[in-house]
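Spelled out from the first residue to the last, the chains are:
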Amino acid sequence: MPSLDRHHFAWLSIGAAVATIGLKTLAWQLTGSVGLLSDALESFVNLAGASFALWMILITRDPPDGNHPFGHGKAEYFSSGFEGLLILGASAGIVWTAVDRLMAPRPIESAGWGLAWSAAATFLNFLVARILGRAGERLNSIALRADSRHLMTDVWTSVGVIAGVALVALTGWLVLDPLIALVVGLHIAWEAKALLKESVDGLMDRSLDAQSVSRAESVLEGFRSRGVAFANLRTRRAGASSFLQVVVLVPGDWTVRRGHDLLDEVEQALEQTLPGTEVTTHLEPLP
């Protein structure tokens, strides 16, 4: 069986979004709950985000060219940024609808069937979110990780909405439905902020995480016993790709071949410690 690539998981996310839109829309039509309506609107955001993620993932597969010699890996950050903007838009719509419903509360109907369909959609989102999260970590894909986080936010949002509708059905307090929808809108706006920050960090060439940098420094430390030194260690991430640059300082009387052989060893050791990282070294004499 061939291994699944990032775009296969993006297609899975699209399929799940279409299915949950149908289930949650049915739940809203059965109950008339604004909380369930907000949940259904969020699924449209999921669909748009997943579709854009697929587009960006396909772009990252294009090989380097004259205008993009380092490849197209950063395209995934546009996906997480776009998804963050979509979430903000959905949040504004949810808050607007919730405030309107606070001013004119309406009763909830057929709560049992509505909650059942919403629960089925929530469980589907939970399964897909877990799959996308694991795939995002394994394939080092910011687009899949962002989609997973978005779906998990949707899961917890749905749990809150379901609880709200159930409480309204039990207590008759109609105000609980729009109040929970309002909390839902504010909560997903916070998630949008996190996604936008992560997207900007990637586009601004943020360094690798502290643990990866520490592992790289440990590798370099192992070579210092040979009388060499290192300077200007720099790292950055571009989507699924990561890059490391370092200056290697050796005694001035070393031959070119000896210095070249050392650079090969250093690069190989770093690439083994940080798989998938493109390592660039530069040789200079010790002062």
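Scroll up a little and you will see the structure.
Residues numbered from 1 in each chain as written. Predicted model: local features only at pLDDT ≥ 70, side-chain atom pairs only at ≥ 80, totals over all residues. Heavy atoms only, no water.

Enquirer: What is the right way to read the pattern of salt bridges from this model?
Expert: Opposite charge on two side chains permits them to pair, given that their charged atoms come into close proximity. A full pass over the atoms with the stated rule returns four salt bridges. Of the charged contacts, one joins Glu265 and Arg226 as a salt bridge, the two residues approaching to 2.8 Å between their closest N and O atoms. With Glu265 in helix α8 (residues 256–273) and Arg226 in the loop between α7 (210–221) and β1 (229–238), this residue pair connects regions lying 39 residues apart in the sequence. (Salt bridge = Lys/Arg side-chain N within 4 Å of Asp/Glu carboxyl O. Helix = DSSP H or I, 4+ residues; strand = E, 2+ residues; numbered from the N terminus.)

Enquirer: Is there a simple way to explain the packing of helix α5 (residues 142–171) against helix α6 (residues 176–203) in this structure?
Expert: Helix-helix packing is characterised by the crossing angle of the two axes and by the distance between the axes. At a closest axis distance of 9 Å, the pairing of α5 and α6 adopts a crossing angle of 170 degrees. Between α5 and α6, the angle falls in the class roughly antiparallel. (Axes fitted to C-alpha atoms, helices over the stretch in contact; angles between N-to-C directions. Parallel < 35°, antiparallel > 145°, perpendicular 65-115°, else oblique.)

Enquirer: What should I look at first to understand the pairing of strand β3 (residues 277–285) in this one?
Expert: The side chains of a regular strand alternate, residue by residue, between the two faces of the sheet. Taken together, the nine bridges between strand β2 (residues 241–250) and β3 define a ladder with parallel strand orientation. Considered in β3, the bridge of Leu249 is made with Glu284. (Pairing = 2+ DSSP bridges.)

Enquirer: Can you walk me through the sheet that holds β3 in this structure?
Expert: Hydrogen bonds along the backbone pair up the strands of a sheet, which may run parallel or antiparallel. Overall, mixed pairing links the three strands, which are arranged β1-β2-β3 in an open sheet. What marks the edges here is a single partner per strand, and that holds for β1 and β3. Mean inter-strand twist for the sheet, computed between neighbouring axes without regard to direction, equals 15 degrees. Set on the sheet, α8 makes contact with β1, β2 and β3; between it and β3 the angle comes to about 150 degrees. (Contact = heavy atoms within 4.5 Å.)

Enquirer: Got a minute to help me understand the packing of helix α3 (residues 75–103) against α6 in this structure?
Expert: Look at α3 against α6: their axes get within 7 Å of each other, and the N-to-C directions meet at 160 degrees. The orientation of α3 relative to α6 falls into the category roughly antiparallel. Note on packing geometry: the crossing formed by α3 with α6 is left-handed. Considered class by class, the residues forming the contact of α3 with α6 number 23 nonpolar, seven polar and five charged. (Left-handed = near helix turned anticlockwise from the far one by under 90°. Nonpolar A, V, L, I, M, F, W, Y, C, P; charged D, E, K, R; others polar.)

Enquirer: It is not clear to me how the side chain of Thr235 should be interpreted in this structure. Could you clarify?
Expert: Looking at the secondary structure, you find Thr235 in strand β1. Polar contacts involving the side chain of Thr235 include one to the main-chain amide nitrogen of Leu208, which spans 3.0 Å. When sequence neighbours within four positions are dropped, the list of residues in contact with Thr235 reads Arg206, Ser207, Leu208, Val213, Phe243 and Leu244. (Polar contact = N/O pair within 3.5 Å; in protein donor to acceptor, adjacent residues only side chain to side chain.)

Enquirer: For this particular structure, what's the right way to read the nonpolar core?
Expert: Proteins that are soluble and globular tend to have nonpolar side chains buried together. If you look at the biggest cluster of nonpolar residues, it comprises 19 residues, and the most contacted ones within it are Phe223, Phe230, Leu262 and Leu270. Those elements giving two or more residues to this core turn out to be α7, β2 and α8. Core analysis: the next-biggest nonpolar cluster, separate from the first, contains 15 residues, Ala16, Val128, Leu132 and Leu151 among them. (Core = buried A, V, L, I, M, F, W, Y, C linked by side-chain atoms within 4.5 Å. Buried < 20%, exposed > 50% of the residue type's maximum accessible area, 1.4 Å probe, protein only.)

Enquirer: Before we go on, may I ask you to explain a nonpolar patch on the surface in this structure?
Expert: A cluster of nonpolar side chains, contributed by Trp173, Val175 and Leu179, occupies part of the molecular surface with about 300 Å² of accessible area. With respect to the helices, strands and loops of the structure, Val175 is situated in the loop between α5 and α6. (Patch = residues over 30% accessible without salt bridge, like charges linked within 9 Å, V, L, I, M, F, W, Y side chains within 5 Å. Areas by Shrake-Rupley, 256 points an atom, 1.4 Å probe, with all protein chains shown as cover.)

Enquirer: Even after reading the chapter, I still don't get the packing of aromatic side chains, so can you show me in this structure?
Expert: The description of an aromatic ring pair rests on the distance of the ring centres and on the angle between the ring planes. A full pass over the atoms with the stated rule returns two aromatic pairs. Geometrically, the ring pair formed by Phe52 and Trp55 is edge-to-face, given 5.4 Å between the ring centres and 90 degrees between the ring planes. A residue pair is termed a helical-turn pair when its members lie 3 or 4 positions apart in one helix, as Phe52 and Trp55 do in helix α2 (residues 34–60) at three residues. For Phe52, a relative accessible area of 16% corresponds to the buried category. With centroids separated by 4.2 Å and ring planes inclined at 35 degrees, the aromatic side chains of Phe52 and Phe82 adopt a geometry described as tilted. Of this pair, Phe52 sits in helix α2 while Phe82 sits in helix α3; the two residues are 30 residues apart in sequence, bridging distant segments of the chain. Site record: aromatic cluster; members linked through ring pairs are Phe52, Trp55 and Phe82. (Phe/Tyr/Trp six-rings, centres within 6.5 Å; stacked < 30°, edge-to-face > 60°.)

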